[in-house]
Amino acid sequence: MASSPQTTATPSQQSPSQQRQYRPQTAWVRSVGYLIFFSRWLQAPLYLGLIIAQLVYVVVFVIELVHLIETVMKDPLHIEESVIMLSVLGLIDVVMIANLLIMVIIGGYETFVSKIDIEGHPDQPEWLSHVNANVLKVKLAMAIIGISSIHLLKTFIEVGDLGDPRSDTEEESLTGDVYTGEGVFWQVIIHTVFIISAIALALIDRMSQNHGAGARSLTHKPSDQVVEPIDPLPVPQGAVAVSGYIIDGKFVEQR
C-alpha cells in the first residue's frame, strides 16, 4: 500500500513552540534556575532604603521651607527677589529629586522585581502601564536634565555679573559660595552632555521599538491574516435543488 506523501513545514510556517525545542532539564538545573530567578528579591531592600532616603528629603524640604519663611518674616519690607528665588529653586530641586526617587522605586521594582497589583486604582501612574527598562532609562535621563537645569539656573542667578571685565576673577555669590568662569563653563558642558545622552537614549528606544514592530510583521501567523469572503458560484438557470446521498461513488436521489 502506497504511503501518503509527507509534507515538511517551513520555519515560517511552524509555531514558536515548534521552532525552539529544549531538552528536559534535570532537577539540579531547574533548582539553579529557580535560585537565580528568585535572587531578584535581593533588590527589594534597596528600594526600601530609597524610601527612607525620600523621607530624609521630606525633612530637608521642611527645613528649607522654614528658612524661607524666617527670611521673609525677618524683614518683610526689604525682601531681595534673588534670595527668595534661590530659596524657591532649592525647594524645587528637592521636589525633583524626590520625583526621581519615586520613579526609580516604583519603576525599578515593577521592572526588575515583581509586578505591583494596582490595576484599576484611580491613582495609578499613567507611565506605569507601559514601563520597561528602556522607558525607565529615558524618564530618568529627563529627570536628571531637569535637576541639572535647576542647578544651572541657580548658578546663573547667583553670579549674574561673573563675566564682567570690571569684576574680580572669582565672584562671591549670594549664598557665600565662590564661583569662577571656568567652573560655570564646565557646568554648562556637563548639562549639555546630559541632554545629548537623553536624546541618544530616546533614539535607541525608538529604534528598538521600530525593529520589534518590523520583526513581528514578518513572523506573524497565517491565521492572523484577514480572509476575504469568497463569492458563491452562480446557480445555472432552470436548476432544481435535490437531496440524496452517495453510494459507491454514485449519487442516489432521495425521494
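None of these values were measured; they are calculated from a predicted model.

**Q** How do you make sense of helix H3 (residues 44–74) when you look at a structure like this?
**A** Since the α-helix packs 3.6 residues into each turn, any two residues three or four apart lie on the same face. Here H3 spans 46 Å end to end across 31 residues, near enough to the 45 Å set by a 1.5 Å rise per residue. Among the residues of H3, those classed as buried are Ala 44, Tyr 47, Gln 54 and Leu 68.

**Q** It is not clear to me how the pattern of salt bridges should be interpreted in this structure. Could you clarify?
**A** Where side chains of opposite charge bring their charged atoms close, a pairing between them can arise. Scanning all chains against the criterion turns up one salt bridge. When the shortest N-O distance is used, the salt bridge between Glu 110 and Lys 115 registers 3.8 Å.

**Q** Explanation requested: the nonpolar core in the structure shown.
**A** It is characteristic of soluble globular proteins that their nonpolar side chains tend to be buried jointly. Membership of the largest hydrophobic core is limited to five residues, which are Met 103, Trp 127, Leu 128, Val 131 and Leu 136. With near-sequence residues (within four places) excluded, Val 131 lies in contact with Gly 107, Glu 110, Thr 111 and Leu 136.

**Q** How should the environment of Ile 79 be read in this particular structure?
**A** Structurally, Ile 79 is set in the loop between H3 and helix H4 (81–112). Taking the relative accessible area as the measure of exposure, Ile 79 reaches 40% and is therefore partly exposed. Excluding anything up to four places from it in sequence, Ile 79 contacts Val 72 and Ile 84.

**Q** How should I be thinking about the packing of H3 against H4 in this particular structure?
**A** To describe two helices that pack against each other, one gives the angle between their axes and the distance between the axes. Between H3 and H4, the least distance of the axes is 10 Å, while the angle of their chain directions is 165°. Between H3 and H4, the crossing angle belongs to the class labelled roughly antiparallel. Handedness of the crossing formed by H3 with H4: left-handed. Tallied by class, residues from the contact of H3 with H4 come to 24 nonpolar, four polar and one charged.

**Q** Quick question: what am I supposed to make of a nonpolar patch on the surface here?
**A** A cluster of nonpolar residues, Ile 144, Phe 185, Trp 186, Ile 189, Ile 190, Val 193 and Phe 194, forms a patch on the protein surface that exposes about 620 Å² of accessible area. Among the structural elements, Phe 185 can be located in helix H6 (residues 181–218). Residue Phe 185 is classed as partly exposed on the basis of its relative accessible area of 48%.

**Q** What is the right way to look at the packing of aromatic side chains in this model?
**A** The geometry of an aromatic ring pair is captured by the separation of the ring centres together with the interplanar angle, meaning the angle of the planes. Tallying each qualifying case throughout the model produces four aromatic pairs. Aromatic side chains Trp 41 and Tyr 109 sit 6.3 Å apart centroid to centroid with 70° between the ring planes, which places their arrangement in the edge-to-face category. A residue pair is termed long-range when its members are at least 10 positions apart, and Trp 41 in the loop between helix H2 (27–38) and H3 and Tyr 109 in helix H4 qualify at 68 residues. The class of Trp 41 is partly exposed, set by a relative accessible area of 37%. Since its relative accessible area comes to 22%, Tyr 109 is described here as partly exposed.

**Q** What's the story with the confidence of the model for the protein in this structure? I'm lost.
**A** If pLDDT is low for a region, its predicted coordinates should not be looked at in detail. Averaged over every residue, the pLDDT of the protein is 76; the share at 70 or more is 68%. Mean pLDDT across the elements of the protein bottoms out in strand S1 (residues 170–172) (52) and peaks in H3 (92). This stretch, residues 1–9, has a pLDDT under 50; its non-local contacts, to residues over four places away or in other chains, come to one contact.

**Q** Is there a simple way to explain the side chain of Gln 54 in this structure?
**A** Among the secondary structure elements, Gln 54 is positioned in helix H3. With a relative accessible area of 17%, Gln 54 lands in the buried category.

The rules behind the values
Residues numbered from 1 in each chain as written. Predicted model: local features only at pLDDT ≥ 70, side-chain atom pairs only at ≥ 80, totals over all residues. Heavy atoms only, no water. Helix = DSSP H or I, 4+ residues; strand = E, 2+ residues; numbered from the N terminus. Expected span 1.5 Å × (residues − 1). Buried < 20%, exposed > 50% of the residue type's maximum accessible area, 1.4 Å probe, protein only. Salt bridge = Lys/Arg side-chain N within 4 Å of Asp/Glu carboxyl O. Core = buried A, V, L, I, M, F, W, Y, C linked by side-chain atoms within 4.5 Å. Contact = heavy atoms within 4.5 Å. Axes fitted to C-alpha atoms, helices over the stretch in contact; angles between N-to-C directions. Parallel < 35°, antiparallel > 145°, perpendicular 65-115°, else oblique. Left-handed = near helix turned anticlockwise from the far one by under 90°. Nonpolar A, V, L, I, M, F, W, Y, C, P; charged D, E, K, R; others polar. Patch = residues over 30% accessible without salt bridge, like charges linked within 9 Å, V, L, I, M, F, W, Y side chains within 5 Å. Areas by Shrake-Rupley, 256 points an atom, 1.4 Å probe, with all protein chains shown as cover. Phe/Tyr/Trp six-rings, centres within 6.5 Å; stacked < 30°, edge-to-face > 60°. pLDDT = per-residue confidence, 0-100.

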